[in-house]
Amino acid sequence: MTQTEDTKKYYWMASVVISFVHDGVPMDTNVNALLSNTECYITKKILENAQVKAQIQLAKSLGNNLPDVKHVYIQSISFLGHMTEKEFLGESEV
């Protein structure tokens, strides 16, 4: 096992609401964004990355075209646990 695989991280799931205009129609959608950090806190940079990740997911769902995004709201963040990447992915440590 490598150093990276052994490193435990703190994982969170952010529920993000994106308000945007697509083909002239105002829309809202919910997107989940996975967050992780080696420390037990979430920084401003991690929050900003969550907003960017959510917009990237939205763009992918619309054929890799980012619509006219009006607002990106982090609705909630749920703590998932402190674990290695293998533990998070549900892979056996054996």
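Conventions used here
What you see as residue numbers is a count from 1 along each chain, following the sequence as written. Thresholds applied to this predicted model are a pLDDT of at least 70 for local features of residues and 80 or more for the giving and counting of side-chain atom pairs; totals over whole chains, interfaces and linings are not thresholded and use all residues. The basis for every side-chain value is the complete set of heavy atoms in the structure, and neither hydrogens nor water enter the calculation. Take a side-chain nitrogen of Lys or Arg and a carboxyl oxygen of Asp or Glu: if they are within 4 Å of each other, that pair is a salt bridge. Labels follow the DSSP assignment, with helices taken as runs of H or I lasting at least four residues and strands as runs of E lasting at least two, numbered in each case from the N terminus. Relative accessibility decides the category of a residue: with a 1.4 Å probe and only protein chains considered, values under 20% of the type maximum give buried, values over 50% give exposed, and everything between is partly exposed. By convention, a stacked pair of Phe, Tyr or Trp rings (six-membered ring in the case of Trp) has centres within 6.5 Å and planes under 30 degrees apart, an edge-to-face pair has planes over 60 apart, and any other such pair is tilted. Any N or O atom pair separated by 3.5 Å or less is treated as a polar contact, with the protein-specific requirement of one donor-capable and one acceptor-capable atom, and with residues adjacent in sequence counted only for side-chain atom pairs. Whether two residues touch is decided by their heavy atoms; if any such pair falls within 4.5 Å, the residues are in contact. Buried Ala, Val, Leu, Ile, Met, Phe, Trp, Tyr and Cys residues form a nonpolar core when they are joined through side-chain atoms within 4.5 Å. The pairing criterion for strands is at least two bridges between them, as found by DSSP. Note on geometry: axes are C-alpha line fits, over the in-contact stretch for helices, and angles between N-to-C directions span 0 to 180 degrees.

Caption draft 1: Structural context of the pattern of salt bridges. Under the criterion given, the structure shown has 2 salt bridges. With a closest N to O distance of 2.6 Å, Lys44 and Glu48 form a salt bridge. Here Lys44 and its partner Glu48 are both found in helix α2 (residues 44–61), 4 residues apart, which amounts to about one turn of the helix. On the accessibility criterion, Lys44 (63% relative accessible area) is exposed. Using a relative accessible area of 35% as the deciding quantity, one classes Glu48 as partly exposed.

Caption draft 2: Main features of the packing of aromatic side chains. A full pass over the atoms with the stated rule returns 4 aromatic pairs. Among the aromatic residues, those joined into a cluster by ring pairs are Tyr10, Trp12 and Phe79.

Caption draft 3: Seen up close, the side chain of Asn37. Here Asn37 lies in strand β2 (residues 25–37). Polar contacts involving the side chain of Asn37 include one to the main-chain carbonyl oxygen of Tyr41, which spans 2.8 Å. Not counting the four nearest positions on each side in its chain, Asn37 is found in contact with Lys9, Tyr10, Trp12 and Ile46.

Caption draft 4: Examining the nonpolar core more closely. By size, the foremost hydrophobic cluster in this structure holds 14 residues, and its most contacted members are Ala14, Val16, Ile18, Ala33, Leu35 and Ala54. Within the residue set of this core, elements represented by two or more residues are β1 (9–22), β2 and α2. Looking at which element gives the most residues to this core, the answer is β1, with 6 residues. If we ignore the near neighbours within four places in the chain, the residues touching Ala33 are Trp12, Met13, Ala14, Val16, Ala50, Lys53 and Gln57.

Caption draft 5: Summary view of the sheet that holds β1. Spatial strand order, β2-β1-β3: 3 strands in an open sheet with antiparallel pairing. Unpaired on one side and paired on the other, β2 and β3 (68–83) mark the two borders of the sheet. Between one strand and the next, the sheet's axes are offset by a mean angle of 15 degrees, whatever the strand orientation. Where β1 meets β3, 13 bridges bridge the pair, whose relative direction is antiparallel. Bridge pairing links Val21 to Asp68 in β3. Running over the sheet, α2 touches β1, β2 and β3 and is turned about 130 degrees from β2.

Caption draft 6: View of the pairing of β2. In this structure, β1 lies alongside β2, joined through 13 bridges in antiparallel fashion. The residue bridging Tyr10 from the neighbouring strand is Asn37, located in β2. Following β1, the chain reverses through 2 residues before pairing antiparallel with β2; Asp23 in that reversal takes a positive phi of roughly 55 degrees.

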